[in-house]
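Fold and geometry: a report
In case you want the letters, here they are:
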Amino acid sequence: MAIIVNGVELADADLEREMPAHADTPDAQQAALTAAVLRRVLLDEAAQLHIVAHAQGDEAMIEALLDHQLAEAAAPTHEECERHYLADQERWRVNERARVSHILFQVTEKVDLVALRQRAQQTLDELLHADDLELRFVHLARTLSNCPSGVDGGALGEIGRGDTVEAFERAVFAAPAGTLCPVLVETEFGLHIIRVHEKSPGSVLPFEQVELRIRVAMSQALRDLAERRYVMEAVGRANIQGWKDGIAT
């Protein structure tokens with residue numbers, strides 16, 4: 001069945017125009033169809049409101065429409081920004097450092113993953129029960145680790161947030177100083193046994209330094225919410241045949 005938006009039937013060219021932007025979605029055709037319907041609805045809204053864009057093209061017209069309709073979208077207050085900051089102060093921690101060593105059991109194309117994991121777990125269990133963790137860790141790193149740091153007993157030196165892959169970083173900064181991570185840490189490089197020697201907690205940036213960043217992020221979130229609401233209302237006002245709730249009928 002044809003899809004008709006406010007008396008105008010969507011053509012194959014309308015769908016084809018949207019396809020490249022949705023090629024990677026699970027149902028590219030349905031996503032492109034929805035985009036074509038929304039484009040037509042918003043362009044009709046812009047025409048009815050006599051919106052004038054500063055540049056040519058549908059995107060410019062739709063952007064001008066949304067800017068006009070959402071110009072008074074709610075902005076976060078100082079108090080709301082401060083509450084957001086207090087709810088997750090750790091997000092604003094800087095200069096957090098840790099001195100770390102590790103033993104890497106590298107995953108390669110032909111490695112037996114079951115055997116590799118078993119060997120890594122046996123090594124971790126041995127270290128967790130070692131009488132002299134320092135000497136034993138250094139020895140096992142030198143003899144077993146597939147990382148160049150193995151020659152230095154697994155020492156990686158100091159690392160900070162963003163210096164390593166996410167899973168490794170998460171394990172390091174979750175572990176107390178002077179401890180061995182009690183579980184194997186898996187990354188794209190393989191299985192790691194991680195020892196955290198010392199940690200420097202850094203400091204949390206004061207609210208005054210981050211208020212603008214919080215305000216911008218919250219304003220964008222509120223704008224996005226208002227935009228979704230407006231688009232839904234515009235669809236509700238439109239006369240659409242052959243399409244309902246994002247599905248062709």
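See the structure printed just above.
No experiment lies behind these values; they were computed from the predicted model shown.

What follows covers the overall build of the protein. Looking only at helices and strands, the protein features eight helices and twelve strands. Relative to the 2.2 N^0.38 estimate, which gives 18 Å for 249 residues, the radius of gyration of the protein is 28 Å and therefore markedly larger than a compact globule would have. Dimensions of the protein along its principal axes, counting C-alpha atoms only, are 80 × 50 × 30 Å. For the protein, buried positions account for 35% of its 249 residues. At a minimum sequence separation of 6, the contacts of the protein that also span at least 24 residues come to 65%.

All right, on to unusual backbone geometry then. The phi dihedral of H50 falls on the positive side, at around 55°, and the residue is not glycine. Mapped onto the fold, H50 is located in the loop between α2 (28-48) and α3 (58-69). The class for H50 is exposed, based on a relative accessible area of 67%. Positive phi is not limited to glycine here, since N95 has a value of about 60°. Within the element layout of this structure, N95 appears in the loop between β3 (93-94) and β4 (97-106).

This part covers the sheet that holds strand β10 (residues 240-241). The strands making up a sheet associate through backbone hydrogen bonding, with each pair oriented either parallel or antiparallel. With antiparallel pairing, three strands are arranged side by side in an open sheet as β2-β1-β10. Of all strands in the sheet, those bounded by a partner on one side alone are β2 (8-9) and β10. With two bridges joining them, strand β1 (residues 4-5) and β2 adopt antiparallel strand pairing. For V5, the partnering residue across the bridge sits in β2 and is V8.

Another aspect to go through is the state of the cysteines. By definition, a disulfide links the sulfur atoms of two cysteines through a covalent bond. The full count for this structure, using the stated rule, is zero disulfides. Looking at C181, it has no disulfide partner, and the nearest cysteine sulfur is the one in C147, 15 Å off.

Moving on, we come to the packing of helix α4 (residues 78-87) against helix α8 (residues 207-237). One can describe the packing of α4 onto α8 by two numbers: an axis separation of 9 Å at closest approach and a directional angle of 105°. Taken as axis vectors, α4 and α8 run roughly perpendicular relative to one another. Together, H78, E80, C81, E82, H84 and Y85 of α4 and F207, V210, E211, I214, R215 and M218 of α8 make up the contact between the two elements. The residue makeup of the contact of α4 with α8, split by class, is six nonpolar, two polar and four charged.

The rules behind each value
- Residues numbered from 1 in each chain as written.
- Predicted model: local features only at pLDDT ≥ 70, side-chain atom pairs only at ≥ 80, totals over all residues.
- Heavy atoms only, no water.
- Helix = DSSP H or I, 4+ residues; strand = E, 2+ residues; numbered from the N terminus.
- Rg over C-alpha atoms; globule rule 2.2 N^0.38 Å.
- Buried < 20%, exposed > 50% of the residue type's maximum accessible area, 1.4 Å probe, protein only.
- Contact = heavy atoms within 4.5 Å.
- Pairing = 2+ DSSP bridges.
- Disulfide = S-S within 2.5 Å.
- Axes fitted to C-alpha atoms, helices over the stretch in contact; angles between N-to-C directions.
- Parallel < 35°, antiparallel > 145°, perpendicular 65-115°, else oblique.
- Nonpolar A, V, L, I, M, F, W, Y, C, P; charged D, E, K, R; others polar.

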